[in-house]
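Take a look at the letters that make up each chain.
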Amino acid sequence: MSDETRNGGSDRPSAGADTASILLDAETRLHGGGDHRSELRLWLRLLTLTNLIESEIRSHLRAEFDVTLPRFDLMAQLEKAADGLTLGELSRRMMVSAGNVTGLVERLVQDGLVERRPAPGDRRSALVSLTPAGRAGFEAMAHAHGDWVGDLFCDLTPVDIDALMVLLARAKASARTSAQRQENTAATSPTLSKDPSNV
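As the structure is a prediction and not an experimental result, all values here were calculated from the model.

Engineer: How do you make sense of the layout of surface pockets when you look at a structure like this?
Structural biologist: Take a probe with the size of a water molecule and roll it over the atoms, and the empty space left behind shows itself. Volume-wise, the largest pocket comes out at about 580 Å³. Lining the largest pocket are 18 residues, and of these Leu46, Leu49, Phe153, Leu164 and Leu168 sit closest to its centre. Put simply, the parts of the chain that give the lining of the largest pocket at least two residues each are α3 (37-65) and α8 (158-188). Of the residues belonging to the lining of the largest pocket, the class tally is 14 nonpolar, no polar and four charged. The calculated volume of the second largest pocket comes to roughly 340 Å³. Around the second largest pocket, the lining comprises 12 residues; the ones closest to its centre are Ile53, Glu54, Ile57, His145 and Val149. For the lining of the second largest pocket, the secondary-structure elements that each account for two or more residues are α3, α4 (69-79) and α7 (132-152). When residues of the lining of the second largest pocket are assigned to their parent elements, the largest contribution, five residues, is made by α3. Residues belonging to the lining of the second largest pocket are distributed by class as follows: seven nonpolar, three polar and two charged.

And the structure:
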């Protein structure tokens, strides 16, 4: 989740350059007893990489387009939906609260990048879509975004990237399987007794 959706519109970097340099290899210094140290190092490395990339993207968006990452994320969702999306759909896709989405939409409407109109068949709901200016602006940002990501991974060969994609797909599948097991366990665990003291 991006900072603007958490903090009501601020766009502070998630990690400065100094912090990033300190954390870059913190996972290699993980110490102490116990199991799963390799898995913890992997998680820390993925987290550090994610924070580093997000910080770079956030800085570029602010410097070159004067836009925050959450606004870019919202516009990206709308770019995929030619007919527009409701606030509820945007909230689900971005995995943030409807209140946060409402604030983002309000600011983009004020900037002339997004428009709202009543949803067909349900006048209580509004469809949100990009304006022509918003679509043109997003296309420019998306093109630049691709270049920034390309620069961040410029030292990786196509073979490196393919190998990482395979390994990350396996890691993602493992995490999903574990999460599903936890859900199943919670769903089948015994409920509290009906003793009045538990009510």
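Engineer: In this structure, what is going on with a nonpolar patch on the surface? I would like to understand it.
Structural biologist: Taken together, the side chains of Leu42, Trp43, Leu46, Leu47, Leu164 and Leu168 define a hydrophobic patch exposed on the protein surface, amounting to about 520 Å² of accessible area. Mapped onto the nonpolar patch, the elements with two or more residues apiece are α3 and α8. Here the nonpolar patch gets four residues from one element, more than from any other, and that element is α3. Tracing the backbone shows Leu42 in helix α3.

Engineer: Would you take a moment to explain the pattern of salt bridges for this structure?
Structural biologist: When the charged atoms of two side chains with opposite charge come close together, those side chains can pair. Going through the model one piece at a time under the given rule, you end up with four salt bridges. Taking the shortest distance from any N to any O, the salt bridge between Arg58 and Glu54 comes out at 2.3 Å. Taken as a pair, Arg58 and Glu54 lie in helix α3 at a separation of four residues, close to a single helical turn. For Glu106, the salt bridge identified is with Arg116, shortest N-O distance 2.6 Å. One end of the pair, Glu106, is in helix α6 (residues 98-110); the other, Arg116, is in strand β2 (residues 114-119), and 10 residues separate them in sequence. Judged by relative accessible area, which is 39%, Arg116 ranks as partly exposed.

The rules behind each value
- Residues numbered from 1 in each chain as written.
- Predicted model: local features only at pLDDT ≥ 70, side-chain atom pairs only at ≥ 80, totals over all residues.
- Heavy atoms only, no water.
- 1 Å grid on protein atoms, 1.4 Å probe; cavity = no way out; pocket = protein on both sides within 12 Å on 5 of 7 lines; lining within 4 Å.
- Points joined across faces, edges and corners; volume = space filled by probe spheres on them.
- Helix = DSSP H or I, 4+ residues; strand = E, 2+ residues; numbered from the N terminus.
- Nonpolar A, V, L, I, M, F, W, Y, C, P; charged D, E, K, R; others polar.
- Patch = residues over 30% accessible without salt bridge, like charges linked within 9 Å, V, L, I, M, F, W, Y side chains within 5 Å.
- Areas by Shrake-Rupley, 256 points an atom, 1.4 Å probe, with all protein chains shown as cover.
- Salt bridge = Lys/Arg side-chain N within 4 Å of Asp/Glu carboxyl O.
- Buried < 20%, exposed > 50% of the residue type's maximum accessible area, 1.4 Å probe, protein only.

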